[in-house]
Amino acid sequence: QVQLVESGGGLVQTGDSLRLSCVVSGRTFNHYRMGWFRQAPGKEREFAASITWDGGSTTYTDSVKGRFTISRDNAENSVYLRLDSLKPEDTAVYYCAAGLINSRDRKTASAYDYWGQGTQVTVSS
């Protein structure tokens, strides 16, 4: 049983920063590609960022490029998402996900096998 637990969300103001963390337990963490997705109220879950098993390659959706940074520490079984220059439109529940998936599927939520419970990020204007 693989478990993912996110933390680090909160209520911040426009321009502030947050660091989200996701700890993975139950399987060999460093086999998995990791992703961060987000879901705003009334909207579908959308891809935010992903990182390969060794941290060698990262991908971001256009709306967060230059503001968000994904990283991982395989020794700590953890993946992180640094959120800088936050905007009200970044308000959402942020989920981390893990999967043994191909690069072409890295932005596809259904391709990931395991999900955390989510952490709320709220950005006030």
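As a starting point, this report considers the structure included with it. Keep in mind that what you see is a predicted model, and the values were worked out from it rather than measured. Along each chain, residues carry numbers from 1 onward, in the same order as the chain's sequence is written. With the structure being a predicted model, the display of local features is reserved for residues of pLDDT at least 70 and the display and counting of side-chain atom pairs for 80 or more, all residues being used for whole-chain, interface and lining totals. To get the side-chain values, take all heavy atoms of the structure and skip hydrogens and water.

**Let's talk about the packing of aromatic side chains**
Two aromatic rings from Phe, Tyr or Trp, using only the six-membered ring of Trp, form a pair when their centres are within 6.5 Å; if the ring planes differ by under 30 degrees the pair is stacked, by over 60 it is edge-to-face, and anything between is tilted. If you walk through the whole model with that rule in mind, you get seven aromatic pairs. Whether a charge lies above a ring is judged from NZ of Lys or CZ of Arg, which has to be within 6 Å of the ring centre and within 35 degrees of the ring normal. Between R19 and the ring centre of Y80, over which it is positioned, the NZ or CZ distance is 3.9 Å. Note that R45 overlies the ring of Y95, its terminal NZ or CZ placed 3.8 Å from the centroid.

**Considering the sheet that holds strand β7 (residues 68-73)**
Backbone hydrogen bonds are what pair the strands of a sheet, in a parallel or an antiparallel way. Pairing between strands requires that DSSP locate at least two bridges from one strand to the other. Only runs of H or I of at least four residues qualify as helices and only runs of E of at least two qualify as strands under DSSP, and these elements are numbered from the N terminus. The strand order β1-β3-β8-β7 describes an open sheet built from four strands, whose pairing is antiparallel. The sheet is open, and its two borders are formed by β1 (3-7) and β7, each paired with just one other strand. Taken over all neighbouring pairs, the strand axes of this sheet differ in orientation by 15° on average, direction set aside. Strand direction decides the pairing type here: β7 and strand β8 (residues 78-83), joined by six bridges, are antiparallel. Paired with D73 across the two strands is S78, which belongs to β8. Structural elements are reduced to axes, namely lines fitted to C-alpha atoms, with helices fitted over the stretch in contact, and the angle between N-to-C directions of any two is expressed from 0 to 180 degrees.

**Here we look at the nonpolar core**
By convention a nonpolar core is built from buried Ala, Val, Leu, Ile, Met, Phe, Trp, Tyr and Cys residues, the set being connected through side-chain atoms within 4.5 Å. Exposed residues in this analysis have more than 50% of their type's maximum accessible area, buried residues have under 20%, and partly exposed residues fall in between, with area computed by a 1.4 Å probe over protein chains only. The biggest cluster of nonpolar side chains holds 29 residues, and the ones touching the most others in it are M34, W36, V79, L81 and Y94. Every element with two or more residues in this core is listed here: β3 (18-25), β4 (33-39), β5 (46-51), β7, β8, β9 (92-99) and β11 (119-124). The contact definition used throughout considers only heavy atoms, calling two residues in contact when any of these lie within 4.5 Å. The contacts of L81, once residues within four sequence positions are left out, are L18, R19, L20, W36, A49, F68, T69, I70 and Y94. Formed by six residues, the second largest nonpolar core is a distinct cluster that contains F37, F47, A111 and Y112.

**Quick notes on the side chain of R38**
Relative to the elements of secondary structure, R38 occurs in strand β4. In this structure the side chain of R38 is engaged in a polar contact, spanning 3.3 Å, whose partner is the side chain of S63. The contacts of R38, once residues within four sequence positions are left out, are E44, R45, E46, S63, V64, F68, E89, D90, A92, V93 and Y94. Pairs of N or O atoms within 3.5 Å make up the polar contacts considered here, provided that, within protein, one atom can donate a hydrogen while the other can accept it, and that residues adjacent in sequence are counted only when both atoms are side-chain atoms.

**Let's talk about the state of the cysteines**
Note that a disulfide, as used here, is simply two cysteine sulfur atoms within 2.5 Å. The final tally for this structure, using the stated rule, is one disulfide. C22 shares a disulfide with C96; S-S distance 1.9 Å. Handedness of the C22-C96 disulfide follows from its S-S torsion of about 45°: it is right-handed. Residue C22 is located in strand β3, and its partner C96 is located in strand β9; the two are separated by 74 residues in the primary sequence. One exposure class covers both C22 and C96, and it is buried.

**A few points about the environment of N74**
Here N74 lies in the loop between β7 and β8. Sequence separation between N74 and G10 is 64 residues; the distance between their C-alpha atoms is 25 Å. Discounting chain neighbours no more than four positions away, the residues touching N74 are F29, N30 and W53. In terms of polar contacts, N74 uses its side chain to reach the side chain of R72, at 2.8 Å.

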